[in-house]
Amino acid sequence: MAEQKRLKVYFDGGCRPNPGPIEVAAVMRGAAYLRTDLGIGTNGDAEWLALIHALEVGQASGAVAFDLVGDSRSVVDQANGRAKAASRTDQAHLARFCALAETNPPARIRWIKRTQNLAGIALNARHPR
């Protein structure tokens with residue numbers, strides 16, 4: 001029997017200008033889940049809120065196991081415990097993520113290149129040049 005691939009939930013966040021209105025995206029199974037109602041913040045806040053949004057999307061999918069995949073090395077490293085949350089804001093985002101992940105944590109949180117991030121592509125499509 002072939003090994004079943006784990007569900008991937010891509011995440012990305014940003015704001016224009018920085019700081020500015022936050023927008024985040026999670027992409028799962030080819031569908032984009034966008035949020036633009038998260039207030040004003042920095043790009044760092046947006047990346048954390050995108051990770052949290054992706055966690056919620058993954059949990060709501062009912063999947064037994066899922067990976068969260070994003071292009072913010074800082075957020076990925078902090079969420080995996082490989083880097084210390086430097087600011088109070090990052091510490092608060094990390095604490096919120098960990099609390100939400102207690103009931104159904106992701107199998108993995110991993111970094112990918114920006115060009116491979118389907119959530120980043122979805123966000124960029126909102127702002128054609």
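Everything that follows concerns the structure shown earlier in this document.
Heads up: these notes are all about the structure in this document.

Basis of the calculations
- Residues numbered from 1 in each chain as written.
- Predicted model: local features only at pLDDT ≥ 70, side-chain atom pairs only at ≥ 80, totals over all residues.
- Heavy atoms only, no water.
- Helix = DSSP H or I, 4+ residues; strand = E, 2+ residues; numbered from the N terminus.
- Rg over C-alpha atoms; globule rule 2.2 N^0.38 Å.
- Buried < 20%, exposed > 50% of the residue type's maximum accessible area, 1.4 Å probe, protein only.
- Contact = heavy atoms within 4.5 Å.
- Phe/Tyr/Trp six-rings, centres within 6.5 Å; stacked < 30°, edge-to-face > 60°.
- Lys NZ or Arg CZ within 6 Å of the ring centre and 35° of its normal.
- Core = buried A, V, L, I, M, F, W, Y, C linked by side-chain atoms within 4.5 Å.
- 1 Å grid on protein atoms, 1.4 Å probe; cavity = no way out; pocket = protein on both sides within 12 Å on 5 of 7 lines; lining within 4 Å.
- Points joined across faces, edges and corners; volume = space filled by probe spheres on them.
- Nonpolar A, V, L, I, M, F, W, Y, C, P; charged D, E, K, R; others polar.
- Pairing = 2+ DSSP bridges.

1. Regarding the overall build of the chain
Turning to step 1, where the next piece is worked out: Assigned secondary structure in the chain consists of 4 helices and 6 strands.
Turning to step 2, where the next piece is worked out: When the helices and strands of the chain are listed from N to C terminus, the series reads β-β-β-β-α-β-α-α-β-α.
Turning to step 3, where the next piece is worked out: Relative to its length of 129 residues, the chain is compact, with a C-alpha radius of gyration of 14 Å against a globular reference of 14 Å.
Turning to step 4, where the next piece is worked out: Over its C-alpha atoms, taken along the principal directions, the chain stretches across nearly 50 × 35 × 25 Å.
Turning to step 5, where the next piece is worked out: Residues counted as buried form 44% of the 129 residues belonging to the chain.
Turning to step 6, where the next piece is worked out: Long-range pairs, those at least 24 residues apart, make up 67% of the contacts in the chain with a sequence separation of at least 6.

2. Some points on the environment of Thr-103
Turning to step 1, where the next piece is worked out: Mapped onto the elements of the fold, Thr-103 is located in the loop between helix H3 (88-101) and strand E6 (108-111).
Turning to step 2, where the next piece is worked out: The exposed category is assigned to Thr-103, whose relative accessible area is 71%.
Turning to step 3, where the next piece is worked out: Thr-103 sits 47 residues away from Glu-56 along the chain, and the two C-alpha atoms are 11 Å apart.

3. Let's talk about the packing of aromatic side chains
Turning to step 1, where the next piece is worked out: Going through the model one piece at a time under the given rule, you end up with 0 aromatic pairs.
Turning to step 2, where the next piece is worked out: Sitting over the ring of Trp-111, Arg-73 keeps its end group 3.8 Å from the ring centre.

4. Let's talk about the side chain of Gln-78
Turning to step 1, where the next piece is worked out: The topology assignment puts Gln-78 in helix H2 (residues 73-79).
Turning to step 2, where the next piece is worked out: The class for Gln-78 is buried, based on a relative accessible area of 5%.
Turning to step 3, where the next piece is worked out: Once you skip the residues sitting within four places of it in the chain, Gln-78 turns out to touch Trp-48, Ala-83, Lys-84, Ala-85, Ala-86, Asp-90 and Leu-94.

5. Observations regarding the nonpolar core
Turning to step 1, where the next piece is worked out: One finds Val-9, Phe-11, Trp-48, Leu-51, Leu-68, Phe-97 and Ile-109 to be the most contacted residues of the largest nonpolar core, which totals 27 residues.
Turning to step 2, where the next piece is worked out: Elements represented by at least two residues in this core include exactly strand E1 (7-15), strand E2 (20-28), helix H1 (43-60), strand E5 (66-70), H2 and H3.
Turning to step 3, where the next piece is worked out: A total of 9 residues in this core trace back to one element, the largest contributor, which is H1.
Turning to step 4, where the next piece is worked out: Those residues in contact with Val-9, other than ones at most four positions away along the chain, are Ala-26, Val-27, Met-28, Ala-54, Val-57, Gly-58, Asp-67, Leu-68 and Val-69.
Turning to step 5, where the next piece is worked out: Core analysis: the next-biggest nonpolar cluster, separate from the first, contains 8 residues, Tyr-10, Val-69, Ala-119 and Leu-123 among them.

6. Observations regarding the layout of surface pockets
Sizing a probe to match a water molecule and rolling it over the atoms shows the empty space that remains.
Turning to step 1, where the next piece is worked out: Of the voids in this model, the largest pocket is the one considered here, and its volume is about 170 Å³.
Turning to step 2, where the next piece is worked out: Taken together, Asp-12, Gly-13, Gly-14, Cys-15, Arg-16, Glu-23, Asn-43, Glu-47, Arg-114, Leu-123 and Asn-124 make up the full set of residues lining the largest pocket.
Turning to step 3, where the next piece is worked out: Looking at the lining of the largest pocket, the elements that each hand over two or more residues are E1, H1 and helix H4 (118-125).
Turning to step 4, where the next piece is worked out: The leading source of residues in the lining of the largest pocket is E1, at 4 residues.
Turning to step 5, where the next piece is worked out: Grouping the constituent residues of the lining of the largest pocket by class yields 2 nonpolar, 4 polar and 5 charged.

7. Concerning the pairing of E5
Across a regular strand the side chains alternate sides, sitting on one face of the sheet and then on the other.
Turning to step 1, where the next piece is worked out: Burial runs high along E5: 5 of the 5 residues are buried.
Turning to step 2, where the next piece is worked out: Residue alternation in E5 divides its side chains into two sets, Phe-66, Leu-68 and Gly-70 and Asp-67 and Val-69, and both sets are buried.
Turning to step 3, where the next piece is worked out: Of the pairings in the sheet, the one linking E5 to E6 comprises 4 bridges and is parallel in character. Bridge pairing in E6 places Gly-70 opposite Trp-111.

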